[in-house]
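For reference, the chains in residue letters:
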Amino acid sequence: MAARVCSISASALRRLPLRRGPGSGHPAGAAPGAGPRAYSKDSESSWFRSLFVHKVDPRKDAHSTLLSKKETSNLYKIQFHNVKPECLDAYNSLTEAVLPQLHLDPDYPCALVGNWNTWYGEQDQAVHLWRFSGGYPALMDCMNKLKVNKEYLEFRKERSKMLLSRRNQLLLEFSFWNEPEPREGPNIYELRTYKLKPGTMIEWGNNWARAIKYRQENQEAVGGFFSQIGELYVVHHLWAYKDLQSREETRNAAWRKRGWDENVYYTVPLVRNMESRIMIPLKISPLQ
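Residues numbered from 1 in each chain as written. Predicted model: local features only at pLDDT ≥ 70, side-chain atom pairs only at ≥ 80, totals over all residues. Heavy atoms only, no water.

Peer 1: Could you give me a rundown of the pairing of strand β2 (residues 110-120), with the residues and numbers involved?
Peer 2: Of all the 11 residues making up β2, 8 are buried; the element is thus mostly covered by neighbouring parts of the structure. Sheet analysis places β2 next to strand β3 (residues 125-133), joined by 7 bridges and oriented antiparallel. Each bridged residue has a counterpart across the sheet, and for C110 the counterpart in β3 is F132. Turn length for the β2-β3 hairpin, with the two strands adjacent in sequence and antiparallel, is 4 residues, and the turn residue G121 shows positive phi of about 130 degrees. (Buried < 20%, exposed > 50% of the residue type's maximum accessible area, 1.4 Å probe, protein only. Helix = DSSP H or I, 4+ residues; strand = E, 2+ residues; numbered from the N terminus. Pairing = 2+ DSSP bridges.)

Peer 1: If you had to explain the sheet that holds strand β1 (residues 74-83) to someone new, which residues and values would you point to?
Peer 2: On the basis of which strands lie adjacent, the closed barrel formed by 8 strands has the order β1-β3-β2-β8-β5-β7-β6-β4 and antiparallel pairing. The average undirected angle you get between the axes of adjacent strands in this sheet is 35 degrees. In the sheet, strand β5 (residues 188-196) pairs with strand β8 (residues 271-281) via 8 bridges, with the strands oriented antiparallel. Its bridge partner being in β8, R192 is matched across the sheet by S276. Across the sheet, helix α6 (residues 135-146) touches β1, β2, β3, β4 (163-173) and β6 (221-229), and the angle it forms with β3 is around 115 degrees. Helix α8 (residues 201-211) contacts β5, β6, β7 (234-241) and β8 of the sheet and is inclined by roughly 25 degrees relative to β7. (Axes fitted to C-alpha atoms, helices over the stretch in contact; angles between N-to-C directions. Contact = heavy atoms within 4.5 Å.)

Peer 1: Lay out the nonpolar core in plain terms, naming residues and giving numbers.
Peer 2: Among the nonpolar cores identified, the biggest contains 52 residues, and F132, F174, W177, W204, W208 and V235 are the most heavily contacted of them. Of all hydrophobic cores here, the second largest spans 16 residues; its members include V113, W116, V127 and L238. (Core = buried A, V, L, I, M, F, W, Y, C linked by side-chain atoms within 4.5 Å.)

Peer 1: Please provide a residue-by-residue account of the pairing of β5, values included.
Peer 2: The side chains of a regular strand alternate between both faces of the sheet. Across the 9 residues of β5, 8 count as buried, placing the element largely inside the fold. Pairing analysis gives 8 bridges linking β5 to β7, with the strands arranged antiparallel. Counted as the bridge partner of L191 is L238 from β7.

Peer 1: So what's going on with the pattern of salt bridges? Which residues, and what values?
Peer 2: In a structure, side chains of opposite charge can pair up when their charged atoms sit close to one another. Tallying each qualifying case throughout the model produces 9 salt bridges. In this structure, E158 and K161 form a salt bridge, with 3.6 Å as the shortest nitrogen-oxygen distance. The exposure class assigned to E158 is buried, which follows from its relative accessible area of 12%. Residue classification places K161 among the partly exposed positions, given a relative accessible area of 36%. The shortest N-O distance in the salt bridge between R247 and E190 comes to 2.8 Å. Linking R247 in helix α9 (residues 244-255) with E190 in strand β5, this pair joins segments that are 57 residues apart in sequence. As far as burial versus exposure is concerned, R247 and E190 are alike and both buried. (Salt bridge = Lys/Arg side-chain N within 4 Å of Asp/Glu carboxyl O.)

Peer 1: Can you break down a nonpolar patch on the surface residue by residue, with the values?
Peer 2: Taken together, the side chains of W119, Y120, L244 and I280 make up a nonpolar region of the molecular surface, amounting to roughly 360 Å² of accessible area. Mapped onto the elements, W119 comes out in strand β2. (Patch = residues over 30% accessible without salt bridge, like charges linked within 9 Å, V, L, I, M, F, W, Y side chains within 5 Å. Areas by Shrake-Rupley, 256 points an atom, 1.4 Å probe, with all protein chains shown as cover.)

Peer 1: Give a detailed account of helix α5 (residues 88-102), specifying residues and quantitative values.
Peer 2: Helix length check: α5 (15 residues) gives 21 Å between terminal C-alpha atoms against 21 Å at 1.5 Å per residue, within 8%. Along α5, the residues classified as buried are L88, A90, Y91, N92, L94, T95, V98, L99 and L102. (Expected span 1.5 Å × (residues − 1).)

Peer 1: Give me the lowdown on the side chain of N263, citing residues and values where you can.
Peer 2: Mapped onto the elements of the fold, N263 is located in helix α10 (residues 260-267). Judged by relative accessible area, N263 falls into the buried class, the value being 4%.

Peer 1: Describe the environment of D141, and please don't skip the residues or the numbers.
Peer 2: Mapped onto the elements, D141 comes out in helix α6. Each C-alpha atom, one on D141 and one on Y108, is 8.4 Å from the other, the two residues being 33 residues apart in sequence.

Peer 1: Please provide a residue-by-residue account of the packing of aromatic side chains, values included.
Peer 2: Evaluation of the coordinates by the stated rule reveals 13 aromatic pairs. Measuring from centroid to centroid gives 4.8 Å for F174 and F226, while their planes differ by 40 degrees, and the two rings are tilted. Linking F174 in the loop between β4 and β5 with F226 in strand β6, this pair joins segments that are 52 residues apart in sequence. For F226, a relative accessible area of 0% puts it in the buried group. Within the aromatic cluster, the residues linked to one another by ring pairs are W177, Y194, W204, W208, W239 and W260. (Phe/Tyr/Trp six-rings, centres within 6.5 Å; stacked < 30°, edge-to-face > 60°.)

Peer 1: I'd like a description of the side chain of N74, backed by residues and values.
Peer 2: The residue N74 is located in strand β1 in this model. The class for N74 is buried, based on a relative accessible area of 13%. When sequence neighbours within four positions are dropped, the list of residues in contact with N74 reads R131, F132, S133, G134, L172, E173 and E179.

Have a look at this one:
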């Protein structure tokens, strides 16, 4: 049964008439056992004052406005596909055959940034990253085109047979990070994902705006993003290395630079949990 689900015959690919067209794919409560709170004039006074001292300044901008690039209106989508183990090769073949063709239309405001399989981390997983040039209007334009794109609909139908689950997020890029640009390989990529405590994104950005200079010597910094839709207060840092030994040496070198340890000291308390994926690019990935 697994073979029938995952195999892609030549005739199946022929049923995907890849015309040039739009694409995608694209924390405090009372202590345990505490009794009723004691009444005091001090507490009454504090409560009364609190009615007047907490004000919201309506002129303050959202953190997305303060942290994202001003010179561009790029919106990114990151997609995680958990693939049936027996189907990973077929999934990769289908993806590599179809996605580039779906992006041939020069009027389509969406571009592939990177496509990977997770090597270390969650297994049998594909990760895709797209850039929408023009923000949310560009995203909606792409979605509307895909609704009537027969090639994409057939591709999605075939792909769905191979998946266990999928999820995505819409992201903005930090203003102080590099713009993700195609690069030659071979490289391995590390996607470090940080789930922050709500309300700490500005502090995170302020620290990393100073810290990123310690991680540029080997051109390992590829891109930095934070979520806007999907799971919130999530940060993704994308790094490139020649191999795992190069990764080890580059990261150790950062610790020898005065100032890097301060960044770690101030940012670790902001993190609820974190994850590291080591990823291998697919053949079609602009990031090799």
